[in-house]
Amino acid sequence: MGRLENILPSIKPGKINKLATTTTYDFDDKSIKSLVLKKTTHQQFIEFSKGSYSIKEICMLIYDRNKDFSFTDIYLELEPWAALGAFKNSEDILDAIRTRKDQAKPPAFNRTLTNEELLLHLRKVSLFANLPPSLIQSIIAGSEQKTFKPGELLIQKGTVGEESFVLLSGTLAVYDDVKKGHMIATLPTLSVFGESAAVTQKPRTADVVATTECQVLVMHLRDIVDPQDGSDLNKNLRVRLIFSQLMKTHPLFRNFPGDVIQMLLGSCRVQKVPAHQTILQQGESGQDFYFILSGGVQIVKDRLPEASLSVGSYFGEVGVLQKQVRTASVVTESESTFLVLSQRNFINLLASNFALALEIERSISSRTATKANLWPEFELNTDKEITSDISASIDVFKDYDFSSHTAEGT
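Residues numbered from 1 in each chain as written. Predicted model: local features only at pLDDT ≥ 70, side-chain atom pairs only at ≥ 80, totals over all residues. Heavy atoms only, no water.

## Let's talk about the overall build of the chain
Summing up its helical and strand segments, the chain has 13 helices and 19 strands in all. Sorting the 410 residues of the chain into buried and exposed places 51% on the buried side. Restricting to contacts in the chain with at least 6 residues of sequence separation, those with at least 24 account for 74%. (Helix = DSSP H or I, 4+ residues; strand = E, 2+ residues; numbered from the N terminus. Buried < 20%, exposed > 50% of the residue type's maximum accessible area, 1.4 Å probe, protein only. Contact = heavy atoms within 4.5 Å.)

Here it is as structure tokens:
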């Protein structure tokens, strides 16, 4: 079973009936209750649900055709429709919704993997996706597979080490302080951890402990990532290391499936902007979504300051999602760096991960309903470390376009 977004819904035979006050989908099988299609977008979803398009693709098609499209509106109808047995694959849809299975889980291993098997698995990891196979093979050649028992410490906070890790099977827990029991997160299979501190030779910022028996690939990325190497290939991997750390730390991104992070890295650009520059102008059209990597911005509405946003916050989502002119101006308070997604790439990202789409739409809805200046602001546990890494490496990926750095073009 794959993720919900990748399922190809196939509606059971029937027809759409438009009445004076309602529109319904009436099934040929009269034992199935008719669907009440409350919105045009619901009708379009049914029309596209012929088994040829995935839910993600259908959402993209509907977004292109409607000004008032909402991922939440679609998501909230899927479960009741599937519960009625409306789709030939209703059980697949229900299973994906109920279990919130964001990605197919890789198998657990109780043996040493061959280099060929490791290559296949590492190419599923966002940090290595789209890198040339020869580079991944170099990483594998300098790595070793180890088994850790429950309770064993893989990384100790405050220490400096050159090892980075990929969890091949089992589960791990991340602690701010393992002795005090302050757990930060759990790591799923194929997670990469310890990479940023290992490459930069900085003290580890957390304890990592095995909660079950784990099989781990221990890598020595520092031998491959040369800070003095200005080649495009080296820049690619260095940038990915920094963003891998950011993705795992930020509450908006840390639960992303690997393929969605890979998509994000493959469709964004990094943009550096001087202080006191207007990025968005109130009343003008705009098609980009911005995530703040370093620095900060001020939100100005009707010429009055409304809010200040710092590292970890985002803006521009209203204009993209609701196809509106910009509702406020955005001005940099200091030299700032942004992760930028075009309108198309942003919608593609949301359609690939309903959890993110629902979170962002919920933020917009709260702001609109309360008429308050509620801008998305996040506290990062490693804010200073991330900001420091980005600032130190900013010249490496200034105006860096991930989408042009693939396995063939690197």
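## Some thoughts on the pattern of salt bridges
Taken as a whole and judged by the stated rule, the model has 9 salt bridges. Taking the shortest distance from any N to any O, the salt bridge between R3 and E5 comes out at 3.3 Å. Residue R3 is classed as buried on the basis of its relative accessible area of 3%. Judged by relative accessible area, which is 3%, E5 ranks as buried. The residue R362 makes a salt bridge to E359 at a minimum N-O spacing of 2.9 Å. You can see R362 and its partner E359 sitting in helix α12 (residues 354-370), 3 residues apart, about one turn around the helix. A relative accessible area of 31% means that E359 is categorised as partly exposed. (Salt bridge = Lys/Arg side-chain N within 4 Å of Asp/Glu carboxyl O.)

## Remarks on the pairing of strand β7 (residues 172-177)
Pairing analysis gives 5 bridges linking β7 to strand β8 (residues 182-187), with the strands arranged antiparallel. Counterpart to Y175 in the pairing with β8 is M183. The turn joining β7 and β8, which pair antiparallel and follow one another in sequence, is formed by 4 residues; a positive phi near 75 degrees is taken by G181. Relative to strand β10 (residues 207-210), β7 is paired through 4 bridges, and the arrangement is antiparallel. Across the sheet, the residue bridging to Y175 is D207, located in β10. (Pairing = 2+ DSSP bridges.)

## Details of the nonpolar core
Counting residues in each nonpolar core, the largest one holds 52 residues, and the members touching the most others are L4, L35, F45 and F71. For this core, the element with the most residues is helix α2 (residues 55-65), which contributes 7 residues. Within the second largest apolar cluster, 16 residues are counted, among which are L119, L122, I139 and L190. (Core = buried A, V, L, I, M, F, W, Y, C linked by side-chain atoms within 4.5 Å.)

## Focus on the side chain of T41
Mapped onto the fold, T41 is located in helix α1 (residues 40-48). Sequence-distant contacts of T41, defined by excluding residues within four places in its chain, comprise I62, N66, D68, F69 and I74.

## Notes on the packing of aromatic side chains
According to the stated counting rule, one finds 13 aromatic pairs in the structure shown. Ring centres 5.0 Å apart and planes at 10 degrees place the aromatic pair F165 and F193 in the stacked group. You can see F165 sitting in strand β6 (residues 164-169) and its partner F193 sitting in strand β9 (residues 192-193), a full 28 residues away along the chain. The class of F165 is buried, set by a relative accessible area of 5%. Using a relative accessible area of 4% as the deciding quantity, one classes F193 as buried. Judged by centre distance (4.2 Å) and plane angle (10 degrees), the rings of F289 and F346 are stacked. Taken together, the positions of F289 in strand β14 (residues 288-294) and F346 in helix α11 (residues 343-352) put the pair 57 residues apart, joining distant regions of the chain. A network of ring pairs unites the aromatic residues Y63, F69, F71, Y75 and F354 as a single cluster. Sitting above the plane of the Y63 ring, K323 keeps its charged end 4.2 Å from the centroid. (Phe/Tyr/Trp six-rings, centres within 6.5 Å; stacked < 30°, edge-to-face > 60°. Lys NZ or Arg CZ within 6 Å of the ring centre and 35° of its normal.)

## Observations regarding the packing of α1 against helix α3 (residues 71-83)
Running from amino to carboxyl end, α1 crosses α3 at an angle of 55 degrees, the nearest separation of the two axes being 10 Å. In terms of orientation, α1 lies oblique with respect to α3. For α1 against α3, the interelement crossing comes out right-handed. Two secondary-structure elements touch here, α1 through T41, H42, F45 and I46 and α3 through D73, I74, E77, L78 and W81. (Axes fitted to C-alpha atoms, helices over the stretch in contact; angles between N-to-C directions. Parallel < 35°, antiparallel > 145°, perpendicular 65-115°, else oblique. Left-handed = near helix turned anticlockwise from the far one by under 90°.)

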